[in-house]
Amino acid sequence: MNPPNKLKSAVNLVAPFLGLILVIALFSALPEVSSRFLRLANLKAVATQSVIVALGALGMTLVIISGGIDLSAASNIALAGVITAYAVNRGLPPLLAIVLGVLTGALVGFVNGLLITRLRLVPFIITLGMMGIARGVAKWLAHNQKIDAPLSWVNELMAKSPRPSWLLLAPGVWLMIVLALIMAVFLRRTVFGRHAFAIGSNESAARLCGVRVGAAKVAIYTIGGLFCGLAGVMEFSRLTVGDPTVAVGLELDIIAAVVIGGGSLSGGEGSILGSMIGVFIMSFLRNGCTMMGWPNYIQEIIIGVIIVAAVSLDRVRHRAAA
């Protein structure tokens, strides 16, 4: 690796950490919240609140590295949550309900990948359409209302006070950590992971090198959908109901987390570690704004500015490298 590339890799690695430290330092210094912001209870709350976006970001990282985008992620999460609640409400075992929710997410991702590769349309268009379809199906299944479901062990997955107490964090947080480690190894140490980077860097070259681009893309979107399905299960666990109107706009948080973490919307760049740091930057920002009592629209403006800044920096980096 030549010196400029080494410097670029170092900047990509360090920048998200600096962003996270900056956000934490900012709110820790504000007298209104400094005494509460870094308390263990608040840190545990931030970790639990990060699970749904983090799971979505694990799949979105793979999609973005391959040069794609998935705008249907939030609707997919809502649909998977409704399916899980519907299954529990119909008396199915909770474990089977979870499997159905996760498989629903994977099916949506599979259809996305199939349409993108078969119709040769840009992912933006296909997933934008799927965003409406998945949300509409969720509302249809739930009759445009929340689906109440009897309490079960599924609702313990996102409990702020886990049982048993020695877990310290909600089971969903531990699941997020384990899956992030698995995905990090999967991306860097497997042939499929290297194919995802190759497709995102130069799809034509990857095809000439023998990569089955179409099949790989379908698999990538299916994996992305699977993580959305699991995020939907966690959403159901957190809310204890299946709400078809939940997670509206969450796809922006997920995409922003990946981009803030060093993922490039041009493809070929990104890491699980960076995306997880991006998730926690977003979570600490929202948590700090809430503790300050700032209105929701202030949070939206801040998040929007960060998204624009992150994408702008990404474009500047690519122009400089060209």
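Residues numbered from 1 in each chain as written. Predicted model: local features only at pLDDT ≥ 70, side-chain atom pairs only at ≥ 80, totals over all residues. Heavy atoms only, no water.

(A) Just the overall build of the chain, in detail. Looking only at helices and strands, the chain has 13 helices and two strands in total. Scaling as 2.2 N^0.38, a compact globule of 322 residues should have a C-alpha radius of gyration of about 20 Å, and the chain matches this with 19 Å. Each of the three principal axes of the chain carries a C-alpha extent, and together these read 55 × 50 × 35 Å. Looking at the 322 residues of the chain, the share that counts as buried comes to 50%. Taking the intrachain contacts of the chain between residues at least 6 apart in sequence as the baseline, contacts between residues at least 24 apart amount to 78%. Between the averaged position of the 24 positive side-chain charges in the chain and that of its 12 negative side-chain charges there is a distance of 8 Å. (Helix = DSSP H or I, 4+ residues; strand = E, 2+ residues; numbered from the N terminus. Rg over C-alpha atoms; globule rule 2.2 N^0.38 Å. Buried < 20%, exposed > 50% of the residue type's maximum accessible area, 1.4 Å probe, protein only. Contact = heavy atoms within 4.5 Å. Lys, Arg positive; Asp, Glu negative; His and termini not counted. Charge placed at Lys NZ, Arg CZ, Asp CG, Glu CD.)

(B) Representation of the packing of aromatic side chains within the structure. Using the criterion set out here, one finds four aromatic pairs in the structure. Aromatic side chains Phe186 and Phe192 sit 5.5 Å apart centroid to centroid with 35° between the ring planes, which places their arrangement in the tilted category. On the basis of relative accessibility, which here comes to 23%, the residue Phe186 falls in the partly exposed class. Overall, Phe192 belongs to the partly exposed group, its relative accessible area being 22%. (Phe/Tyr/Trp six-rings, centres within 6.5 Å; stacked < 30°, edge-to-face > 60°.)

(C) Region of interest: unusual backbone geometry. Positive phi, normally seen in glycine, also occurs at Arg120, with a value near 55°. Assessed through its relative accessible area of 71%, Arg120 is described here as exposed. A positive phi is found at His143, a non-glycine position, where the angle reads about 55°. Structurally, the position occupied by His143 is in the loop between helix H6 (123–141) and strand S1 (147–148). Taking the relative accessible area as the measure of exposure, His143 reaches 65% and is therefore exposed.

(D) Just the layout of surface pockets, in detail. One number sums up the size of the largest pocket: a volume of about 720 Å³. Every residue lining the largest pocket is counted, 25 residues in all, and those nearest its centre are Gln49, Val53, Leu250, Asp253 and Arg286. Those elements that provide at least two residues to the lining of the largest pocket are helix H3 (40–65), helix H10 (213–239), helix H11 (250–260), helix H12 (272–292) and helix H13 (296–321). When residues in the lining of the largest pocket are grouped by element, the largest group, six residues, is from H12. Here the lining of the largest pocket is built from residues that sort into 11 nonpolar, eight polar and six charged. (1 Å grid on protein atoms, 1.4 Å probe; cavity = no way out; pocket = protein on both sides within 12 Å on 5 of 7 lines; lining within 4 Å. Points joined across faces, edges and corners; volume = space filled by probe spheres on them. Nonpolar A, V, L, I, M, F, W, Y, C, P; charged D, E, K, R; others polar.)

(E) Main features of the environment of Ile306. Looking at where Ile306 falls in the secondary structure, it is placed in helix H13. Looking at Ile306, the relative accessible area reads 22%, which means it is partly exposed. Distance in space between the C-alpha atoms of Ile306 and Thr290 is 17 Å, their sequence separation being 16 residues. Apart from residues lying up to four places away in sequence, Ile306 is in contact with Ile260 and Leu285.

(F) The arrangement of helix H7 (residues 171–189) in detail. Relative to the 27 Å expected for 19 residues at 1.5 Å per residue, H7 spans 27 Å between its end C-alpha atoms, a close match to the ideal helical length. Among the residues of H7, Gly172, Val173, Met176, Leu179, Ala180, Met183 and Leu187 are the ones counted as buried. The arc that holds every buried residue of H7, seen down its axis, measures 125°, which confines them to one face. Across H7 from its buried face, at more than 90 degrees, point the exposed residues Leu181 and Arg189. (Expected span 1.5 Å × (residues − 1). Arc of directions from axis to C-beta.)

(G) Representation of the packing of helix H5 (residues 94–119) against H10 within the structure. Running from amino to carboxyl end, H5 crosses H10 at an angle of 150°, the nearest separation of the two axes being 6 Å. By the angle between their axes, H5 is roughly antiparallel relative to H10. Both H5 and H10 take part in a crossing whose hand is right-handed. Residues Ile98, Gly101, Val102, Gly105, Ala106, Gly109, Phe110, Asn112, Gly113, Leu114, Ile116 and Thr117 of H5 lie in contact with H10, whose contacting residues are Gly214, Lys217, Val218, Tyr221, Thr222, Gly225, Leu226, Gly229, Leu230 and Val233. For the contact of H5 with H10, the class distribution of residues is 11 nonpolar, 10 polar and one charged. (Axes fitted to C-alpha atoms, helices over the stretch in contact; angles between N-to-C directions. Parallel < 35°, antiparallel > 145°, perpendicular 65-115°, else oblique. Left-handed = near helix turned anticlockwise from the far one by under 90°.)

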